[in-house]
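# A closer look at the structure
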Amino acid sequence: MSKNNIRSVKASEIELKERVVAINRVAKVVKGGRRFSFAAIVVVGDGNGVVGYGLGKANEVTDAIAKGIDDAKKNLVKVPVYHSTVPHAMEGKYSGGFVLVKPAAPGTGVIAGGAMRAVLESAGIRDVLCKSKGSSNPHNVIKATFDALAKMRDPLAVAQQRGVNLQKVFNG
């Protein structure tokens, strides 16, 4: 996530729903054959602007998912949600993954790919237009989406900082 992440949240205070984004089976070749292990990427969110992601690795799928959920609860952030959409357009970048997140009119729905969709729906964003450019690796897409959401500015905070009302922020 971003270096100046000041919007972290404690997991014990809220009710979170988890969502498995991807499960990857990896093999290690040992003397007796192949030993399989699993890595799970999990996104958790309360549907009201709080979302986090985690990676869990274990020899069993259920253990990997449980570890991913625990890791996701340690990485929760608060994202600005304005009328069930994002406040403004933003690009996010992580490694080879680039994402574009734009606000949408009510009733549009979440127009986004798999990994991005999980993050946005868990955050409680219901109307948004997104495009994933570059890497389609779920790790990079999730981290790029978090980068875009972390760079978003809350409209109320912007209005207070500028000393104007909320309508003037959006309408000029």
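So, how was this worked out
- Residues numbered from 1 in each chain as written.
- Predicted model: local features only at pLDDT ≥ 70, side-chain atom pairs only at ≥ 80, totals over all residues.
- Heavy atoms only, no water.
- UniProt positions renumbered as here; feature names shortened; annotations may be inferred.
- Helix = DSSP H or I, 4+ residues; strand = E, 2+ residues; numbered from the N terminus.
- Buried < 20%, exposed > 50% of the residue type's maximum accessible area, 1.4 Å probe, protein only.
- Lys, Arg positive; Asp, Glu negative; His and termini not counted.
- Salt bridge = Lys/Arg side-chain N within 4 Å of Asp/Glu carboxyl O.
- Polar contact = N/O pair within 3.5 Å; in protein donor to acceptor, adjacent residues only side chain to side chain.
- Core = buried A, V, L, I, M, F, W, Y, C linked by side-chain atoms within 4.5 Å.
- Contact = heavy atoms within 4.5 Å.

- By the naming in an unreviewed UniProt entry, the chain goes by Small ribosomal subunit protein uS5 and is assigned to Pontibacter silvestris.
- Checking UniProt for the chain, the heading Sequence similarities (unreviewed entry) contains the comment "Belongs to the universal ribosomal protein uS5 family."

### With respect to the side chain of aspartate 127
- For aspartate 127, the location among the structural elements is in the loop between helix H2 (114-123) and strand E8 (128-134).
- For the buried residue aspartate 127, which engages in no salt bridge, the nearest side chain bearing the opposite charge is arginine 126, 5.5 Å off.
- A distance of 3.2 Å separates a polar side-chain atom of aspartate 127 from the backbone nitrogen of glycine 107.
- At a separation of 3.0 Å, a polar atom in the side chain of aspartate 127 contacts the main-chain amide nitrogen of glycine 109.

### Things to note about the UniProt feature "domain: S5 DRBM" (unreviewed entry) in the chain
- UniProt tags residues 16-79 as "domain: S5 DRBM" (unreviewed entry).
- Between the end C-alpha atoms of residues 16-79 the distance is 15 Å, and the span holds 22% helix and 59% strand.

### Examining the nonpolar core
- If you look at the biggest cluster of nonpolar residues, it comprises 28 residues, and the most contacted ones within it are Val51, Val101, Leu120, Val128 and Ile142.
- Examining the composition of this core, we find that 6 residues originate from one element, helix H3 (residues 138-151), more than from any other.
- Those residues in contact with leucine 120 that sit more than four places away from it in its chain are Val110, Ala112, Ile125, Val128, Cys130, Thr145 and Leu149.
- Residues Val42, Val44, Val50 and Ala72 belong to the second largest nonpolar core, which totals 7 residues.

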